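Residues per chain are reported as follows:
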Amino acid sequence: MQDRIIEFIMHGIVLLTAFPVHECAHALAAHWLGDDTAKNQGRISLNPLRHLDLFGTVFMLLAGFGWAKPVPINANNFKNRKVGMAVSSLAGPLSNVLMSYVSIVICKILTYSSYGNSYVNALADVFWYATILNLGLAVFNLLPVPPLDGSRIFNLVLPEKLYFKVMKYENIIFGILFLSIWLGFLDKPLYFLQQQAFGLMNRLSIWVDILMIRGM
């Protein structure tokens, strides 16, 4: 029961942090590239209420899988449509990767500094979960499957006509994707990718281990 409560709380933290940052990054990147569609709708914001979707929120809290409201982007406002869509799409997962990196750095600092303090250890656990969940969100969104961000990044190497033919069936593909996740078909592939990403994150933050051990 206690583990379930902790899991529920962590999913709530993701909703209030990772999702807003992810969607805000999309909107901000699009704005920098010349499209103010999202900006005009108030989506360049870290306010969760501007980004959360009702059903996506419920599923995230109960099942650990959810979604936010898509950021509206008009590719016609970009100088290069394909590049503009790819960069603005990449901004979301990249923001979660950066959040994951900051989280693992803080987690390591707190762990080395806790000296058995249960409150500090509990806080370190929060950042540990934040590391894992942000990485999971980034890895999932980089899958080259519509309507995920990875599909728009993949568009860089996909002929435009073929891409838009695929996008016609975006809702059907999303339904199949949702069902695959619900039934657990993607658990092992996603877990493998997440573990590889975590290993890289751990290696990139090894400087924290070195500094903290030297200072002890």
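It should be noted that the structure appears before, not after, this text.
Nothing here was measured: the structure is a model prediction, and the numbers come from that model.

Trainee: Is there a simple way to explain the overall build of the chain in this structure?
Mentor: Tallying secondary structure elements over the chain gives eleven helices and zero strands in all. In sequence order, the chain lays out its α and β elements as α-α-α-α-α-α-α-α-α-α-α. Taken over the C-alpha trace, the chain has a radius of gyration of 19 Å; the compact-globule value for 216 residues is 17 Å, and the two agree within 12%. With the principal axes as the frame, the chain shows a C-alpha extent of 60 × 35 × 30 Å. Counting over 216 residues, the chain shows a buried share of 40%. Residue pairs at least 24 apart in sequence account for 70% of intrachain contacts in the chain once pairs closer than 6 positions are excluded. On the chain, roughly 12600 Å² of surface is accessible, and the fraction owed to carbon and sulfur atoms is 68%.

Trainee: Would you mind going over the packing of aromatic side chains with me for this structure?
Mentor: The relation between two aromatic rings is expressed through the spacing of the ring centres and the mutual angle of the planes. The tally for this structure, following the rule as stated, stands at seven aromatic pairs. For the pair Phe 59 and Phe 178, a centre-to-centre distance of 5.2 Å together with 90° between the ring planes defines the contact as edge-to-face. Placement of Phe 59 in helix H4 (residues 54-63) and of Phe 178 in helix H9 (residues 170-182) is noted, with a sequence separation of 119 residues between them. With a relative accessible area of 25%, Phe 59 lands in the partly exposed category. Note on Trp 67 and Phe 174: the rings are 5.9 Å apart at their centroids and 85° apart in plane angle, and the pair reads as edge-to-face. Note that Trp 67 is positioned in the loop between H4 and helix H5 (81-113) and Phe 174 in helix H9, a separation of 107 residues in sequence. Since its relative accessible area comes to 22%, Trp 67 is described here as partly exposed.

Trainee: I tried to follow the pattern of salt bridges on my own but got confused; where do I start?
Mentor: Any two side chains of opposite charge can pair, on the condition that their charged atoms come close. Taken as a whole, this structure holds one salt bridge when the rule is applied. Where Lys 108 meets Asp 209, a salt bridge forms, and the shortest distance between an N and an O atom there is 2.7 Å. Of this pair, Lys 108 sits in helix H5 while Asp 209 is found in helix H11 (residues 206-215), placing the two residues 101 residues apart along the sequence. Taken individually, Lys 108 and Asp 209 each receive the classification buried, so the pair is uniform in this respect.

Trainee: How should I be thinking about the packing of H5 against H11 in this particular structure?
Mentor: Pairs of packed helices are described in terms of their axes, by the angle between the two and the distance that separates them. At their nearest, the axes of H5 and H11 sit 9 Å apart, and the two run at 20° to each other. On the basis of their axis angle, the class for H5 and H11 is roughly parallel. Read as a crossing pair, H5 and H11 show a hand that is right-handed. Residues Tyr 101, Val 105, Lys 108, Ile 109, Tyr 112 and Ser 113 of H5 lie in contact with H11, whose contacting residues are Ile 206, Trp 207, Val 208, Asp 209, Met 212 and Ile 213. Its residues placed into classes, the contact of H5 with H11 shows nine nonpolar, one polar and two charged.

What counts, and where the lines are drawn
Residues numbered from 1 in each chain as written. Predicted model: local features only at pLDDT ≥ 70, side-chain atom pairs only at ≥ 80, totals over all residues. Heavy atoms only, no water. Helix = DSSP H or I, 4+ residues; strand = E, 2+ residues; numbered from the N terminus. Rg over C-alpha atoms; globule rule 2.2 N^0.38 Å. Buried < 20%, exposed > 50% of the residue type's maximum accessible area, 1.4 Å probe, protein only. Contact = heavy atoms within 4.5 Å. Areas by Shrake-Rupley, 256 points an atom, 1.4 Å probe, with all protein chains shown as cover. Phe/Tyr/Trp six-rings, centres within 6.5 Å; stacked < 30°, edge-to-face > 60°. Salt bridge = Lys/Arg side-chain N within 4 Å of Asp/Glu carboxyl O. Axes fitted to C-alpha atoms, helices over the stretch in contact; angles between N-to-C directions. Parallel < 35°, antiparallel > 145°, perpendicular 65-115°, else oblique. Left-handed = near helix turned anticlockwise from the far one by under 90°. Nonpolar A, V, L, I, M, F, W, Y, C, P; charged D, E, K, R; others polar.

By themselves these figures say nothing about function.
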